[in-house]
Amino acid sequence: MTGLPFRIGLGYDVHRLARGESLVLGGVSIPSDVGTVAHSDGDVLLHAICDALLGAAALGDIGEHFPDTDEQYRDVSSIELLRRCIALLDEHGWRAGNLDAMLMLERPKILPHKHEMRSRIAEAMQLPLDHISLKATTGEGIGFVGRGAGIEAQAVVLLLPKD
Ligand code: MG
């Protein structure tokens, strides 16, 4: 940790949607007739956030740290992975500053669950709620998001040196 007074990281993830799967976004189980197809809990939002955190510290990506070929990560809670990313950053002298994240999905509506998602993320990232921004948009009926075939998530984080 030398040179820059802060670091910026970008994260992106996508998961396919299918009937009969569960939908977990931002650590919250959301009632839905479709859910994400994944080895883990398929929390596309938290995966993008983890990648942004790891990326800011140049510590690789979520697939390197928690490979989906490893049975110990089958159906793992992505909130636990987020906590582990924060712990890893701590070991390297960094703490999260703020988060801005974006979900792109056709349905279900995110707004009724947004506060709980932000709260869970804030707790895992050890940040106040007003340092966690979450936005959502639809795919306007076009592309794989618009057809309801998948969910996309993007995240940007700032890292600051520990005191
Ligand atoms: Mg993923």
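Only a predicted model underlies this, so the values are computations on that prediction, with no experimental measurement involved. Every chain begins its residue count from 1, and numbering advances along the sequence as written. Under the rules for a predicted model, residues below a pLDDT of 70 receive no local features and side-chain atom pairs below 80 are neither given nor counted, while totals for whole chains, interfaces and linings still include all residues. Here the side-chain values reflect all heavy atoms present in the structure, with hydrogen atoms and water set aside.

A. The arrangement of the sheet that holds strand E1 (residues 7-19) in detail. Strand order in the open sheet made by the 5 strands is E4-E1-E7-E5-E6, with mixed pairing throughout. Every other strand in the sheet has two partners, leaving strand E4 (34-36) and strand E6 (132-137) as the edge strands with one partner each. Averaged over all pairs of adjacent strands, the angle between their axes in this sheet comes to 25 degrees, without regard to strand direction. Criterion used throughout: strands pair if DSSP finds at least two bridges between them. Put simply, DSSP H or I for four residues or longer makes a helix, DSSP E for two residues or longer makes a strand, and each gets a number counted from the N terminus. In the sheet, E1 pairs with E4 via 3 bridges, with the strands oriented antiparallel. Looking across to E4, one finds that alanine 18 is bridged to glycine 35. The contact definition used throughout considers only heavy atoms, calling two residues in contact when any of these lie within 4.5 Å. What counts as an axis is a line fitted to C-alpha atoms, over the stretch in contact for a helix, and the angles between N-to-C directions run from 0 to 180 degrees. Across the sheet, helix H4 (residues 111-125) lies against strand E5 (94-104), E6 and strand E7 (150-161), angled at about 140 degrees from E6, the strand it touches most.

B. Looking closely at the coordination of the magnesium ion. Counted as coordinating are nitrogen, oxygen and sulfur atoms within 2.8 Å of the metal, or 3.2 Å for Na, K and Ca, while water is not included, which may make sites look incomplete. Around the magnesium ion, the protein contributes the donor atoms Asp13 (OD), His15 (NE2) and His47 (ND1), which lie 2.1 to 2.2 Å from the metal centre. Each donor residue of the magnesium ion belongs to the same chain, and together they define the spacing D-x1-H-x31-H. Here histidine 47 lies in helix H1 (residues 44-56) and aspartate 13 lies in strand E1, a separation of 34 residues in the sequence.

C. View of the pairing of E6. When E5 meets E6, the two strands line up parallel, connected through 6 bridges. Its bridge partner being in E6, methionine 104 is matched across the sheet by threonine 137. For the crossover from E5 across H4 to E6, the handedness is right-handed. Looking down the strands as they point away from you, a crossover is right-handed if its path from the first strand over the helix to the second goes clockwise.

D. How the structure looks around the side chain of histidine 15. Position of histidine 15 relative to the elements: it lies in strand E1. A 1.4 Å probe rolled over the protein chains alone gives each residue an accessible area, and that area as a share of the maximum for its type sets the label: buried under 20%, exposed over 50%, partly exposed in between. Note on histidine 15: relative accessible area 13%, which makes it buried. One polar contact links the side chain of histidine 15 to the main-chain carbonyl oxygen of valine 37, over a distance of 3.2 Å. Polar contacts, as counted here, are pairs of nitrogen or oxygen atoms within 3.5 Å of one another; within protein the pair requires one atom able to donate a hydrogen and one able to accept it, and residues that are adjacent in sequence qualify only if both atoms are side-chain atoms. For histidine 15, the side chain forms a polar contact with the side chain of histidine 47, separated by 3.3 Å.

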